[in-house]
Amino acid sequence: MAAALRGTALALAKGLGGARLHQLVSRPLSVSASLCGSEAPPARADSTFKVTMIPGDGVGPELMTAVKDVFKAGDIPVEFDEFYISEVQNRASDERLEKLLDSMKSNRVAIKGKIHSPMENKGELESFEMKLRRTLDLFANVVRVSSLPGYSTRHNNLDLVIIREQTEGEYSSLEHESVPGVIECLKIITREKSRRIAKFAFDYATKTGRSKVTAVHKANIMKLGDGLFLQSCAEVAELYPKIKHENIIIDNCCMQLVQNPYQFDVLVMPNLYGNIIDNLAAGLVGGAGVVPGESYSAEYAVFETGARHPFAQAVGRNIANPTAMLLSAANMLRHLNLEYHSQMVSEAVKKVIKQGKVRTRDLGGYSTTGDFVQAVVENLRHPPT
Amino acid sequence: MAAATKETSRAAGGAPRTQPPRRIMQTVTLIPGDGIGPEISAAVVKIFDAAKAPVQWEERNVTAIKGPGGKWMIPADAKESMDRSKIGLKGPLKTPIAAGHPSMNLLLRKTFDLYANVRPCVSIEGYRTPYTDVDLVTIRENTEGEYSGIEHVIVDGVVQSIKLITEDASRRIAEYAFEYARNNQRSSVTAVHKANIMRMSDGLFLRKCREVAENFKDVKFTEMYLDTVCLNMVQDPTQFDVLVMPNLYGDILSDLCAGLIGGLGVTPSGNIGANGVAIFESVHGTAPDIAGLDLANPTALLLSGVMMLRHMGLHQYAAKIQTACFDTIKEKKVLTKDLGGNSKCSEFTTEICRRVQDLA
């Protein structure tokens, strides 16, 4: 029925021109569908959503192009505010950060690629991405790891959620050389942030109907630090009696993930362990190219890939897999309440993967990024009713 | 029996065959450990006996005792035995999670300055996992890094843990890794780090690895971020050879690799210390729920023993015992419960002994 309405709307649009056309096309279809088109809905102040876009380094710009192409083909009412920021290319000054923050303050939602952190110590101990995360207080990183139907790996039918605290922990960027040849790196764990991420994890589990939250730690060695994290999780767990709470040591967790990943549901952990497990879990279902992820703060939401790598060796070769970024873009649309469009994009992507005819190199095929995007666009034009 | 074969070959006047070396018994300190420790140690001793390996066992117990000055240490006789024999084989030791005395393994490490933890992970034919053809070695720096144990509560609710990286320790582990690669015919060494985030500490580790790599041009050196290694490891573990890394990453990665080949019940491990001391151990837990019930799987301790034999230069005995063990697992007729069968530990041991004797 929605498709029929859409057809009507397009037909109408084709017959009109100029500003009227823009207004009709940019009106979210969810609104039209519910009103059965009998009377014109009140004109929305921002009928096109504005979203900040940060392409980042490596294959980021190519993936963003893929997202833009798909959005254009699907007539999705989202406009992008682009910011080209890069630490390795010296385009990460404070003024750029200021402009980016202004844009974020008005848009609240962003989609971004990976901003690569160079290894050379240019005097800055904190990478730009960390600075961005801290400034926007994006404390929670959520990666939904689910197996793609039609692409089988060693472990199929996986469905995990990994929630990682990403503003403190080992990434505090507090290092110093106390004596020449001896370097100390501080890992900071605070009760406040541990409680906050634990509460986020349990709220998320409640909202999405999950049954178990497992805290990942190394409290047998880091008794005070990870002990505090564990204690905070346990305290918050008491407020959610319906959700089971367990904990597991990080090395055992990694081992269990490769032997029997089905025993896990939602995992919550501090920064470094989150980095490891995000990547491990992404590898279990097909690699960095297929897992979407998002970062939340109390005010902002940033959508990106789950396993964050610039993948520099693929730049310019048109081989990167845009699945992760497209699925993340679909999640972003859902966050913006554009449910219909979100479904349209994610179903198109999943259909292409399931059919298995067009696959990029990381999934064992020979198609280019462009081919894949083309296939997704085809499936958009003929959405399943 | 060895003497008889010598006589016959001499009498037959055939080409002088390489005589097996005279059986100089080498002393090895055996630490059975807790839980299932004693039974699997007994199994290993039995198998080594059947293989007629020239190993003389000195059994010692290791518990934490408070020495003069309030410092925790291991019993004096255990220390003396290890210092003399230089080689040890250890079963699982209990580690309490709550505070108390420091973990036994940590104590042993500090006492003998066991700076390198080596875990070769090879897929076992006959014990199928989703990952086949795994053949890599993780070498982990074992004395510093995130496990320095230095933590403070700054204010209530804020805790700081210190990760220590020193030039000396990094250089030492890098040198060990390259030497290991050279001595065991491995083609490449990969340094695993997170120097893009922890720029000074992991940066120092990486710099030292690069410097040492200059002296070992015959071994390929690569570097990879920890998250990239994890990502690639679960997709295609065959691309890795020898991995060298600081403490925490090593802990996690070595357990990850153990998971790829079937878990801690079948993974050997060795700790190399300064002054030529080496302790080989099984890394699984004490399994108190099956202790004393003759259900334990001695494979991990046995393979660690094999690693020990190789370290001692007794390659033919090592090969014999390893083949016997793998053949038994491949046959699938006599397997302990965790390997998928329902035989007892003693039956499994007897089967391996039988094969070892057949191979002799």
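Residues numbered from 1 in each chain as written. Chains lettered and ligands numbered in written order. Predicted model: local features only at pLDDT ≥ 70, side-chain atom pairs only at ≥ 80, totals over all residues. Heavy atoms only, no water.

Observations concerning the overall build of chain B
And step 1. Regarding its fold elements, chain B presents eleven helices and 14 strands.
And step 2. By the compact-globule yardstick of 21 Å for 360 residues, chain B fits well, its C-alpha radius of gyration being 21 Å.
And step 3. Over its C-alpha atoms, taken along the principal directions, chain B stretches across nearly 75 × 45 × 40 Å.
And step 4. Counting the 360 residues in chain B, one finds 57% classified as buried.
And step 5. The long-range fraction of contacts in chain B, counting pairs at least 24 apart against all pairs at least 6 apart in sequence, stands at 72%.
And step 6. Accessible surface computed for chain B: about 15,000 Å², of which carbon and sulfur atoms make up 52%.
And step 7. Between the averaged position of the 41 positive side-chain charges in chain B and that of its 41 negative side-chain charges there is a distance of 4 Å. (Helix = DSSP H or I, 4+ residues; strand = E, 2+ residues; numbered from the N terminus. Rg over C-alpha atoms; globule rule 2.2 N^0.38 Å. Buried < 20%, exposed > 50% of the residue type's maximum accessible area, 1.4 Å probe, protein only. Contact = heavy atoms within 4.5 Å. Areas by Shrake-Rupley, 256 points an atom, 1.4 Å probe, with all protein chains shown as cover. Lys, Arg positive; Asp, Glu negative; His and termini not counted. Charge placed at Lys NZ, Arg CZ, Asp CG, Glu CD.)

Topic: the packing of helix 10 (residues 271-285) of chain A against helix 8 (residues 247-261) of chain B
And step 1. Relative to each other, helix 10 of chain A and helix 8 of chain B sit at 30°, their axes nearing to 12 Å. Between helix 10 of chain A and helix 8 of chain B, the interaxial angle falls into the category roughly parallel. Viewed along their axes, helix 10 of chain A and helix 8 of chain B form a crossing whose handedness is right-handed. Note on element contacts: helix 8 of chain B touches helix 10 of chain A through B:Leu248, B:Tyr249, B:Ile252 and B:Leu256, opposite A:Leu272, A:Tyr273, A:Ile276 and A:Leu280.
And step 2. A class-by-class count of the residues in the contact of helix 10 of chain A with helix 8 of chain B yields eight nonpolar, no polar and no charged. (Axes fitted to C-alpha atoms, helices over the stretch in contact; angles between N-to-C directions. Parallel < 35°, antiparallel > 145°, perpendicular 65-115°, else oblique. Left-handed = near helix turned anticlockwise from the far one by under 90°. Nonpolar A, V, L, I, M, F, W, Y, C, P; charged D, E, K, R; others polar.)

Here's the deal with empty space enclosed by the protein
And step 1. Per the stated rule, a full pass over the model turns up four cavities of 30 Å³ or more.
And step 2. By volume, the second largest cavity is sized at about 70 Å³.
And step 3. Considering the residues around the second largest cavity, the lining is formed by A:Glu170, A:Cys185, A:Leu186, A:Lys187, A:Met222, B:Glu146, B:Ser161, B:Ile162 and B:Lys163.
And step 4. Going through the elements one at a time, strand 7 (182-190) of chain A together with strand 9 (158-166) of chain B are the ones with two or more residues in the lining of the second largest cavity.
And step 5. In terms of residue class, the lining of the second largest cavity is made up of four nonpolar, one polar and four charged. (1 Å grid on protein atoms, 1.4 Å probe; cavity = no way out; pocket = protein on both sides within 12 Å on 5 of 7 lines; lining within 4 Å. Points joined across faces, edges and corners; volume = space filled by probe spheres on them.)

Considering the pattern of salt bridges
Residues and elements named next belong to chain A.
And step 1. Counting across every chain of the model gives 50 salt bridges over all chains.
And step 2. We note a salt bridge from arginine 144 to glutamate 294, for which the minimum N-O separation is 2.4 Å. Here glutamate 294 lies in strand 11 (residues 292-296) and arginine 144 lies in strand 4 (residues 140-146), a separation of 150 residues in the sequence.
And step 3. For arginine 144, a relative accessible area of 26% gives the class partly exposed.
And step 4. Note on glutamate 294: relative accessible area 1%, which makes it buried.
And step 5. Between glutamate 170 and lysine 187 there is a salt bridge, with the nearest N and O atoms lying 3.1 Å from each other. Here glutamate 170 is found in the loop between strand 5 (159-165) and strand 6 (175-179), whereas its partner lysine 187 is found in strand 7, with 17 residues between them in sequence. The burial state of glutamate 170 is the same as that of lysine 187; both residues are buried.
And step 6. Linked through salt bridges whose partners overlap, the residues forming this network are Lys112, Lys114, Glu129, Arg133, Glu304 and Arg308. (Salt bridge = Lys/Arg side-chain N within 4 Å of Asp/Glu carboxyl O.)

Comments concerning the interface of chain A and chain B
Often the size quoted for an interface is simply the accessible area lost on bringing the parts together.
And step 1. Contact residues are listed per partner, giving 57 residues for chain A and 56 residues for chain B.
And step 2. Together, the buried faces of chain A and chain B total about 4,900 Å²; carbon and sulfur atoms form 64% of this surface.
And step 3. For chain A, the biggest contributors to the area lost against chain B are A:Met119, A:Arg154 and A:Ile183; these three give 15% of the whole.
And step 4. Counting every contact that joins chain A to chain B gives three salt bridges.
And step 5. When the shortest N-O distance is used, the salt bridge between B:Arg199 and A:Glu87 registers 3.4 Å.
And step 6. Elements supplying a minimum of two residues to the side of chain A that touches chain B: strand 6, strand 7, helix 8 (225-237), helix 9 (250-259) and helix 10 of chain A.
And step 7. Taken together, the residues that form the side of chain A that touches chain B break down as 25 nonpolar, 18 polar and 14 charged.
And step 8. Relative to strand 9 of chain B, strand 7 of chain A runs antiparallel, the two sharing nine bridges. Each bridged residue has a counterpart across the sheet, and for A:Glu184 the counterpart in strand 9 of chain B is B:Leu164. (Buried area = accessible area lost by both parts, 1.4 Å probe. Pairing = 2+ DSSP bridges.)

Focus on the pairing of strand 2 (residues 78-82) of chain A
Residues and elements named next belong to chain A.
And step 1. Pairing analysis gives five bridges linking strand 1 (residues 49-54) to strand 2, with the strands arranged parallel. Within strand 2, the position partnered with valine 51 by the bridge is phenylalanine 80.
And step 2. The handedness of the strand 1 to strand 2 crossover, carried by helix 4 (residues 60-73), is right-handed. (Right-handed = clockwise from strand over helix to strand, strands pointing away.)

Considerations on the nonpolar core
And step 1. Formed by 128 residues in total, the largest nonpolar core has its most connected members in A:Val78, A:Ile111, A:Ile163, A:Met332 and B:Met233.
And step 2. Ranked by residues supplied to this core, first place goes to helix 10 of chain A with nine residues.
And step 3. What B:Met233 contacts, discounting residues up to four positions off in sequence, is B:Leu136, B:Phe240, B:Leu243, B:Leu253, B:Leu256, B:Cys257 and B:Leu260.
And step 4. Of all hydrophobic cores here, the second largest spans 69 residues; its members include B:Ala50, B:Ala195, B:Val212 and B:Phe280. (Core = buried A, V, L, I, M, F, W, Y, C linked by side-chain atoms within 4.5 Å.)

So, the domain arrangement of chain A
Residue and element names in this part refer to chain A.
And step 1. Structurally, chain A comprises domain 1 (47-117 + 127-153 + 290-384) and domain 2 (167-285).
And step 2. With 22 residues of domain 1 at the contact, the number on the domain 2 side is 15 residues.
And step 3. Around 1,600 Å² of area is buried between domain 1 and domain 2 when both sides are counted, 60% of it from carbon and sulfur atoms.
And step 4. Where aspartate 137 meets arginine 196, a salt bridge forms, and the shortest distance between an N and an O atom there is 2.9 Å.
And step 5. Broken down by secondary-structure element, the contributors of at least two residues to the side of domain 1 that touches domain 2 are helix 6 (128-136) and strand 4.
And step 6. By residue number, the principal contributor to the side of domain 1 that touches domain 2 is strand 4, which donates seven residues. (Domains from an automatic or database assignment.)

Some remarks on the sheet that holds strand 8 (residues 151-155) of chain B
And step 1. Taking strand neighbours across the sheet as the criterion, the four strands line up as 6(A)-7(A)-9(B)-8(B) in an open arrangement whose pairing is antiparallel. If you trace the sheet from one side to the other, it starts and ends with strand 6 of chain A together with strand 8 of chain B, each paired once. Adjacent strand axes in the sheet meet at a mean angle of 35°, parallel and antiparallel pairs treated alike.
And step 2. Where helix 8 of chain A meets the sheet, it contacts strand 7 of chain A together with strand 8 and strand 9 of chain B, and its direction lies at approximately 15° from that of strand 7 of chain A.

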